[in-house]
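# Coordinates in review
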Amino acid sequence: MNKESAHELLSQYIKSNSLINHSKMVAFAMESYALSKNMDVETTHKWWLTGLLHDLDWEQFPDEHPSYAVNVLLPNYEIGEDILHAILSHAPARTGVHPTSELDRYLFACDELSGFIHAVSLMRPTAYDGMKVKSVTKKLKTLNFAANVSREDIHEGVRLIDTSLQDHIQYLITVFQQKKLEGLID
Ligand SMILES: [Fe+2]
Ligand SMILES: [Fe+2]
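Residues numbered from 1 in each chain as written. Chains lettered and ligands numbered in written order. Predicted model: local features only at pLDDT ≥ 70, side-chain atom pairs only at ≥ 80, totals over all residues. Heavy atoms only, no water.

## Things to note about the coordination of the iron ion (ligand 2)
In this structure, His22 (NE2), His54 (NE2), Asp55 (OD) and Asp111 (OD) serve as the protein donors to the iron ion (ligand 2), at separations of 2.1 to 2.2 Å. Here the iron ion (ligand 2) is ringed by four donor atoms whose angles at the metal span 84 to 174 degrees, and the overall shape comes out irregular. In primary-sequence terms, the residues that donate to the iron ion (ligand 2) follow H-x31-H-D-x55-D. Taken as a pair, the iron ion (ligand 2) and the iron ion (ligand 1) lie 3.9 Å from each other and share Asp55 as a ligand. Remark: Asp55 occurs in the loop between helix H3 (41–53) and helix H4 (67–73) and His22 occurs in helix H2 (residues 17–36); sequence separation between them is 33 residues. For the pair formed by His22 and Asp55, the shared burial category is buried. (Donors = N, O, S within 2.8 Å, 3.2 Å for Na, K, Ca; no water. Tetrahedral: all angles 85-135°; square planar, octahedral: opposite > 155°, others 65-115°. Helix = DSSP H or I, 4+ residues; strand = E, 2+ residues; numbered from the N terminus. Buried < 20%, exposed > 50% of the residue type's maximum accessible area, 1.4 Å probe, protein only.)

Quick look at the structure:
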């Protein structure tokens, strides 16, 4: 599925701008990590697509998320099994499917933290610009800030991709600064 069709599919099932924005943020985070690992064009696109579609059913079928997308919506399109597995495994508590492949693990690691960094950006007049790792880690310890974001999942994600929390946060901040500058995310 090419980028244009993927965006079309997304806007067919998601009306909320913030959920579209979240989907794009996770897609860019995934794409950037794939590029940093020198993955080929096809694989990099796959990582982007996985990020973009991971919450496809969240708005309309929240109780069945993400199984509804994987079992009902996405089989109508040419979406690889590895992408479907990754989407299932970003919500292991719901699906019982745990992240195993590299694609699975990076999706899990990028999802919650992207949402959290976006929440931090909303508190700052310059959004991602000038955002420091420390201001993000500080907010992570403030449990009533973005309380719906699971700190446990963020730490689990960092463990899954074998990096440090600081490095992962810095990496994502840099990606989002660039994409915001390009006008591609909010
Ligand atoms: Fe989700
Ligand atoms: Fe998500």
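There is more to say after this.
## Side note on the coordination of the iron ion (ligand 1)
The protein atoms that coordinate the iron ion (ligand 1) are Asp55 (OD), His65 (NE2) and His90 (NE2), at distances of 2.1 to 2.3 Å. When the donors of the iron ion (ligand 1) are listed by position in the chain, the intervening gaps give D-x9-H-x24-H.

## Notes on unusual backbone geometry
The residue after His65, namely Pro66, is reached through a cis peptide bond having omega -5 degrees. Locating Pro66 in the fold gives a position in the loop between H3 and H4. One non-glycine residue, Asn38, lies in positive phi territory at about 55 degrees. With respect to the helices and strands, Asn38 occurs in the loop between H2 and H3. Of note, Asp162 is a non-glycine position whose phi angle comes to about 55 degrees, a positive value. Assignment of secondary structure puts Asp162 in the loop between helix H9 (151–160) and helix H10 (165–181). With relative accessibility at 71%, the residue Asp162 sits in the exposed group.

## Comments concerning H3
Spanning 13 residues, H3 covers 18 Å between terminal C-alpha atoms, matching the ideal 18 Å at 1.5 Å per step. The complete set of buried residues in H3 reads Thr44, Trp47, Trp48, Leu49, Thr50, Gly51, Leu52 and Leu53. Tucked inside the fold, the buried residues of H3 contact helix H1 (3–13), H2, helix H5 (81–89) and helix H7 (102–122). (Expected span 1.5 Å × (residues − 1). Contact = heavy atoms within 4.5 Å.)

## Here's the deal with H10
For H10, which comprises 17 residues, the first-to-last C-alpha distance of 24 Å matches the rise-based estimate of 24 Å (1.5 Å per residue) to within 8%. Taken together, the buried positions of H10 are occupied by Leu165, His168, Ile169, Leu172, Ile173, Val175, Phe176 and Lys179. The arc enclosing the buried residues of H10, seen along the axis, measures out at 165 degrees, which places them on a common side. Packed against the buried residues of H10 are H2, H7, helix H8 (133–141) and H9. (Arc of directions from axis to C-beta.)

## Section: the packing of H1 against H2
Packed helices, taken two at a time, are described by the angle between their axes plus the distance between the axes. The interhelical angle for the contact between H1 and H2, taken along N-to-C directions, is 150 degrees, at an axis separation of 11 Å. Classified by the angle between their axes, H1 and H2 sit roughly antiparallel to one another. In terms of crossing hand, the pair formed by H1 and H2 is right-handed. Residue-level contacts link Lys3, His7, Leu10 and Ser11 of H1 to Ile20, Ser23, Lys24 and Glu31 of H2. When the residues that make up the contact of H1 with H2 are grouped by side-chain class, the tally is two nonpolar, three polar and three charged. (Axes fitted to C-alpha atoms, helices over the stretch in contact; angles between N-to-C directions. Parallel < 35°, antiparallel > 145°, perpendicular 65-115°, else oblique. Left-handed = near helix turned anticlockwise from the far one by under 90°. Nonpolar A, V, L, I, M, F, W, Y, C, P; charged D, E, K, R; others polar.)

These values are about where atoms sit, not about what they do.
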